[in-house]
Amino acid sequence: MQFQFDSLAAFLHMDGHGTFVWAAYGVTFLTLTALALQPRLQRRRLKRELERQQRIEARRRSVETRRTREAEPA
Amino acid sequence: MHPVRRQRLILVLLLVALSSAAVALVTYAMRNNMNYFYAPAAFAAGEVPMEKNIRAGGCVVPGSVVRADDSLDVRFALTDGRAELEVVFDKILPDLFAEGEAAVVTGRLMPDGYVRADQVLAKHDENYTPPEVAESMAAEASCADGAKI
Amino acid sequence: MAWQWFHRLGSPRWFYQKTSAWMPWLALASLLLIGAGSIWGLGFAPEDAKQGNSYRIIYIHVPAAFLALAGYYIMAISGAIGLIWKMKLSFVVMRAAAPIGAVLTFIALFTGAVWGKPTWGTYWVWDARITSMLILLFLYIGVIALSRAFSREQVADKACALLALVGTVNIPIIYKSVDWWFTLHQPATIKFTEKSSIDPSMFYPLLTMVIGFYCLYAWTLIAHTREKILQREWRTSWVQQLMGGESATESKAG
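Because the structure is predicted, anything quoted here is derived from the model rather than measured.

Helix and strand counts for chain A stand at 2 helices and 0 strands. For 74 residues, the compact-globule estimate of 2.2 N^0.38 gives 11 Å, and chain A exceeds it by more than 25% at 29 Å. Projected onto its principal axes, the C-alpha positions of chain A cover 90 × 20 × 20 Å.

Here's what the structure looks like:
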């Protein structure tokens, strides 16, 4: 097995077909990478959402305890 | 399997079978209409409507390609092994267009019996070979008899 | 009893925990195979006698097209299993398969168009193979759209599964289109029953890419499924624990 091109320039040019070949590979790898990263972004969003929910829950609870304390006779 | 699940399975299978049958019937019915494609023999037999948009395909007859000196006009003949069809084209031919290779043309049949093409496309086969191997295979033309068309 | 494993397979939690260990290996395998296959196909495989270097697009076009079709089977079969056994996980897999299949179909169409220009002389032709692939893309997009169209998840699941099942008709049409109709698209190069019409020096990089794409598909499908499981089950204690909030452990399991 042997590298088929004499120079890097020839490799990029591919006898005039370079634009087509590199465009095809470029678009493929870009879209596949985006697809692979999507779950990571979703997880981050879910985590943020869960933390928000927890903050709301914590605030609600603290308000509740304050109210019950106020309601208690001193 | 639970009888309810079995029933659902049968329903699902029925759905797939029915829609397949519907599509199969439609494509079968459309088969003749969809094929605006004619082989050179159909032209010789006079089955092709005049001045209508049609597609034709065949093997480019070796030695038949003639370029005009003063314009982009190219004349060539297509064959399917039974008859030949003359084509005139006035735009740039694709890179892979070559004598002895398959081509597909879109255009109209003119009263003089030739096709004036709006588009000429090169059809290539499913064989992939490195140049050295191709040379050693004794320059076998890919569609000399039009058998692949 | 024989069905027990099958039903356990339907547990999203079980699936999530089971697949955790596989993910890095699948990722590594797909990266290595696709990396090696691309370098091999782009730089080391010989050029084609007739098409020159433009044929190098085959190394992504064919694997993408393979998986666009295989992914449709996975989506439709998951939909069918979900309909019949009412299995939650199955619908999740079906929904995860839709965007992945759409992207792969798009890649197959795009690389085909870019390959068509230097070889046929046109980017696009309304030919049976290409048109049926376009219909496949619309089917995938249809499933994605349907999955978002209903506010009730169960209704959406059923609608998606039905559309996916009806759409399976398209698959044999795609396979057979090059034989049934006159098309510009060449017949299959890799054949399982007879000798492939591609030289071994070009076939091995292609095989590497196909296996690499299969690994990548498996990884992507599982990753998307796992994410969707977390989204669906976010109320449960195991998800909240997993997402790591201290107060989360106290909150009620939904």
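Residues and elements named next belong to chain C. With 28 residues, helix 4 (residues 58-85) extends 40 Å between its outermost C-alpha atoms, agreeing within 8% with the 40 Å of an ideal straight helix rising 1.5 Å per residue. Summarising burial for helix 4: 22 of the 28 residues are buried, a large majority. Looking one or two places after helix 4, you find Lys-86, whose phi comes out positive at around 55°.

Moving on, we get to the interface of chain C and chain B. In this assembly, 33 residues from chain C lie in contact with 31 residues from chain B. Broken down by secondary-structure element, the contributors of at least two residues to the side of chain C that touches chain B are helix 4, helix 5 (88-119), helix 7 (153-167) and helix 9 (200-232) of chain C. Here the side of chain C that touches chain B takes 4 residues from helix 4 of chain C, the largest share from any one element. A per-class count over the side of chain C that touches chain B returns 20 nonpolar, 9 polar and 4 charged.

This next bit is on the pairing of strand 4 (residues 74-79) of chain B. The two faces of the sheet receive side chains in turn, since in a regular strand these alternate between them. All names here are of chain B. As defined by bridge partners, strand 2 (residues 53-60) adjoins strand 4 across 2 bridges and the pair is classed as antiparallel. Looking at the pairing, Cys-59 lines up with Thr-79 of strand 4. Sheet topology note: the strand 3 (residues 66-67)/strand 4 ladder contains 2 bridges and is antiparallel. In the strand pairing of strand 4, Val-66 is matched with Arg-75. Counted between consecutive antiparallel strands, the loop separating strand 3 from strand 4 contains 6 residues. As paired strands, strand 4 and strand 5 (residues 84-89) are joined by 6 bridges and run antiparallel to one another. Bridging from a neighbouring strand, Phe-76 pairs with Val-87 of strand 5. Between strand 4 and strand 5, which pair antiparallel in sequence order, lie 4 residues; one of them, Gly-81, sits at a positive phi of approximately 90°.

For the rest of this paragraph, the subject is the interface of chain A and chain C. Listed as interface residues are 29 residues of chain A and, on the opposing side, 37 residues of chain C. The greatest single-element share of the side of chain A that touches chain C, amounting to 21 residues, is contributed by helix 2 (residues 18-71) of chain A. Counted by class, the side of chain A that touches chain C contains 18 nonpolar, 6 polar and 5 charged residues.

To continue, consider the UniProt feature "transmembrane region" (unreviewed entry) in chain A. The UniProt entry lists residues 20-37 of chain A under the feature "transmembrane region" (unreviewed entry), expressed in the numbering used here. Along residues 20-37 of chain A one finds 100% helix and 0% strand; the C-alpha atoms at either end are 26 Å apart.

This part is about the confidence of the model for chain C. Model confidence for chain C is summarised by a mean pLDDT of 87, while 90% of its residues fall at 70 or above. Looking across chain C, the model is least confident in helix 1 (residues 4-9) of chain C, with a mean pLDDT of 68, and most confident in helix 3 (residues 23-44) of chain C, with 96.

This brings us to helix 2 of chain A. All names here are of chain A. The first and last C-alpha atoms of helix 2 sit 79 Å apart over 54 residues, in line with the 80 Å expected at 1.5 Å per residue. At Leu-37, helix 2 is bent by approximately 30°, the largest bend along its length, and proline Pro-39 sits one to four residues beyond. Three or more residues of helix 2 are buried, namely Phe-20, Val-21, Ala-24, Thr-28, Leu-32 and Leu-50.

Ranked by size, the top nonpolar core spans 104 residues in total, and within it Ala-103 of chain B together with Ile-57, Ala-64, Met-75 and Ala-97 of chain C carry the most contacts. The dominant element in this core, judged by the number of residues it contributes, is helix 5 of chain C, at 18 residues. What Ala-64 of chain C contacts, discounting residues up to four positions off in sequence, is Thr-28 of chain A together with Leu-104, Ile-107, Ala-108, Thr-111 and Phe-213 of chain C.

All names here are of chain C. Taking the numbering used here, the UniProt-annotated feature "transmembrane region" (unreviewed entry) corresponds to residues 21-45, 57-84, 96-116, 128-147, 159-182 and 202-222. Helix makes up 100% of residues 96-116 and strand 0%. Its end C-alpha atoms lie 31 Å apart. Between the end C-alpha atoms of residues 128-147 the distance is 29 Å, and the span holds 100% helix and 0% strand.

Criteria and thresholds
Each chain carries its own residue numbering, running from 1 in the direction its sequence is written. Chains carry letters from A onward and ligands carry numbers from 1 onward, assigned in written order. The predicted nature of this model means local features are confined to residues of pLDDT at least 70 and side-chain atom pairs, given and counted, to a pLDDT of 80 or more, with totals for whole chains, interfaces and linings taken over all residues. A run of H or I in DSSP becomes a helix once it reaches four residues, and a run of E becomes a strand once it reaches two; helices and strands are each numbered from the N terminus. C-alpha atoms define the radius of gyration in this analysis, and the globule rule sets the expected value at 2.2 Å times the number of residues to the power 0.38. The span expected for a helix works out to 1.5 Å for each residue beyond the first. Put simply, a residue is buried when 20 or more other C-beta atoms lie within 10 Å of its own C-beta and exposed when 12 or fewer do; between those, it is partly exposed, and each C-beta is set from the backbone. Placing C-beta atoms from the backbone, we regard two residues as in contact once those atoms come within 7 Å. Residues are sorted three ways: Asp, Glu, Lys and Arg are charged, Ala, Val, Leu, Ile, Met, Phe, Trp, Tyr, Cys and Pro are nonpolar, and all the rest, Gly among them, are polar. We call two strands paired when DSSP finds no fewer than two bridges between them. UniProt positions are given in the numbering used here, feature names are shortened, and annotations may be inferred rather than shown by experiment. Confidence scores here are pLDDT values: one per residue, from the predictor, ranging 0 to 100. We define the bend at each residue as the angle formed by axes fitted to the 7 residues ending at it and the 7 residues starting at it. Each nonpolar core comprises buried Ala, Val, Leu, Ile, Met, Phe, Trp, Tyr and Cys residues, the members being joined through C-beta atoms within 7 Å.

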